Amino acid sequence: MKDNKSNPPAQWVYEAEDLQGTEQLAAALAKLALPGTVIALDGDLGAGKTAFSQLFAKHLGVKDTVNSPTFTLIKEYEGRLPFYHMDVYRLSLDEADELGLDEYFYGNGVTLVEWASLIEELLPQDVLRIYVETVSAIGRRMHIKGQGGTYEAWVSALKENGVS
């Protein structure tokens, strides 16, 4: 982990023993998703950000194959809501600012941003933050923090009721 900025204190830490556990969290969040949902996803290289994104998209009803948008930056998919999958790893803050990300963040779809801490200044004030930590070959620990009333309520409900 490079710095604390990408892993803010969590309101809830979710333990996924395997990919099925990750899928349960992704499914629970996809059910909650509304137009304008923004999920900021961070974690070390290979921690499973794209796997989480793929599982989230699947449960949002996206039928297309979702893969890492590393070289295209933003990929758009159709599901229950439009799904905007971003990977900003290779962008500078200035380059990201020129993309007009607000149209996605405040639009009718769901935006999931991989490496979101790199564009911290451009993210909406209300956002769901997930930091993916590798704990074993297949286990992941998700540090989850909701910023804004809606996301805080989501985290509280998931913390209280679980994700199954």
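Here the structure is a predicted model, which means the values were calculated and not measured.

The rules behind these values
- Residues numbered from 1 in each chain as written.
- Predicted model: local features only at pLDDT ≥ 70, side-chain atom pairs only at ≥ 80, totals over all residues.
- Heavy atoms only, no water.
- Core = buried A, V, L, I, M, F, W, Y, C linked by side-chain atoms within 4.5 Å.
- Buried < 20%, exposed > 50% of the residue type's maximum accessible area, 1.4 Å probe, protein only.
- Contact = heavy atoms within 4.5 Å.
- Patch = residues over 30% accessible without salt bridge, like charges linked within 9 Å, V, L, I, M, F, W, Y side chains within 5 Å.
- Areas by Shrake-Rupley, 256 points an atom, 1.4 Å probe, with all protein chains shown as cover.
- Salt bridge = Lys/Arg side-chain N within 4 Å of Asp/Glu carboxyl O.
- Lys, Arg positive; Asp, Glu negative; His and termini not counted.
- Charge placed at Lys NZ, Arg CZ, Asp CG, Glu CD.
- Helix = DSSP H or I, 4+ residues; strand = E, 2+ residues; numbered from the N terminus.
- Axes fitted to C-alpha atoms, helices over the stretch in contact; angles between N-to-C directions.
- Parallel < 35°, antiparallel > 145°, perpendicular 65-115°, else oblique.
- Left-handed = near helix turned anticlockwise from the far one by under 90°.
- Nonpolar A, V, L, I, M, F, W, Y, C, P; charged D, E, K, R; others polar.
- pLDDT = per-residue confidence, 0-100.
- Pairing = 2+ DSSP bridges.

Q: Describe in detail the nonpolar core, supporting the description with residues and values.
A: Grouped together as the largest cluster of nonpolar side chains are 52 residues, with contacts concentrated most on Leu 25, Phe 52, Phe 56, Phe 83 and Ile 130. Filtering out sequence-adjacent residues up to four positions away, Phe 52 remains in contact with Thr 22, Leu 25, Ala 26, Leu 29, Leu 41, Leu 112, Ile 130 and Met 142.

Q: I'd love a proper account of a negative patch on the surface, names of residues and values included.
A: Together, Asp 94, Glu 95, Asp 97, Glu 98, Asp 102 and Glu 103 make up a region of like negative charge exposed at the surface. Listing elements by their share of the negative patch, those giving two or more residues are α3 (93–98) and α4 (102–105). Counting residues per element, the negative patch draws most heavily on α3, at 4 residues. By the element assignment, Glu 98 lies in helix α3. Residue Glu 98 is classed as exposed on the basis of its relative accessible area, which comes to 71%.

Q: Explain the packing of helix α1 (residues 19–32) against helix α2 (residues 49–59) to me, and be specific about the residues and the numbers.
A: Where α1 meets α2, the axes come as close as 8 Å, and the angle between the chain directions of the two elements is 50 degrees. As judged from the angle between their axes, α1 and α2 are oblique. For the pair α1 and α2, the crossing hand works out as right-handed. Along the contact surface, α1 presents Leu 19, Thr 22, Glu 23, Leu 25, Ala 26, Ala 27, Leu 29 and Ala 30, while α2 presents Ala 51, Phe 52, Leu 55, Phe 56, Lys 58 and His 59. A per-class count over the contact of α1 with α2 returns 10 nonpolar, 2 polar and 2 charged.

Q: Provide a residue-level description of unusual backbone geometry, including the pertinent values.
A: In this model, Trp 115 sits at a positive phi of 65 degrees, which is unusual for a non-glycine residue. Inspection of the secondary structure puts Trp 115 in the loop between β5 (110–114) and β6 (127–134). For Trp 115, a relative accessible area of 11% corresponds to the buried category.

Q: Quick rundown of the pattern of salt bridges? Include the residues and the values.
A: In this structure the tally under the stated criterion is 4 salt bridges. Here Arg 141 ties to Glu 15 by a salt bridge, and the two come within 2.6 Å at their closest N and O atoms. Residue Arg 141 is found in strand β7 (residues 140–147), and its partner Glu 15 is found in strand β1 (residues 12–16); the two are separated by 126 residues along the sequence. With a relative accessible area of 25%, Arg 141 lands in the partly exposed category.

Q: For the confidence of the model for the chain, give the residues involved together with the corresponding values.
A: Across the chain, pLDDT averages 90, with 92% of residues at or above 70. Below pLDDT 50 for its whole length, residues 1–5 participates in 7 contacts with residues either more than four positions away or in separate chains.

Q: Outline the sheet that holds β5, listing residues and values.
A: To summarise the sheet geometry, strands pair through backbone hydrogen bonds and adopt either a parallel or an antiparallel arrangement. Spatially, 7 strands are ordered β1-β7-β6-β2-β5-β4-β3 in an open sheet, and the strand pairing comes out mixed. Sheet topology places β1 and β3 (74–77) at the edges, where each strand pairs with a single neighbour. Recorded for the sheet is a direction-independent mean angle of 20 degrees between the axes of neighbouring strands. Alignment of β3 against strand β4 (residues 83–87), held across 4 bridges, turns out to be antiparallel. Each bridged residue has a counterpart across the sheet, and for Glu 76 the counterpart in β4 is Tyr 84. Sitting on the sheet, α1 touches β1, β6 and β7, and the angle it makes with β1 is about 135 degrees. Along the sheet face, α2 touches β2 (38–43), β4, β5, β6 and β7 and points at about 170 degrees away from the line of β5.

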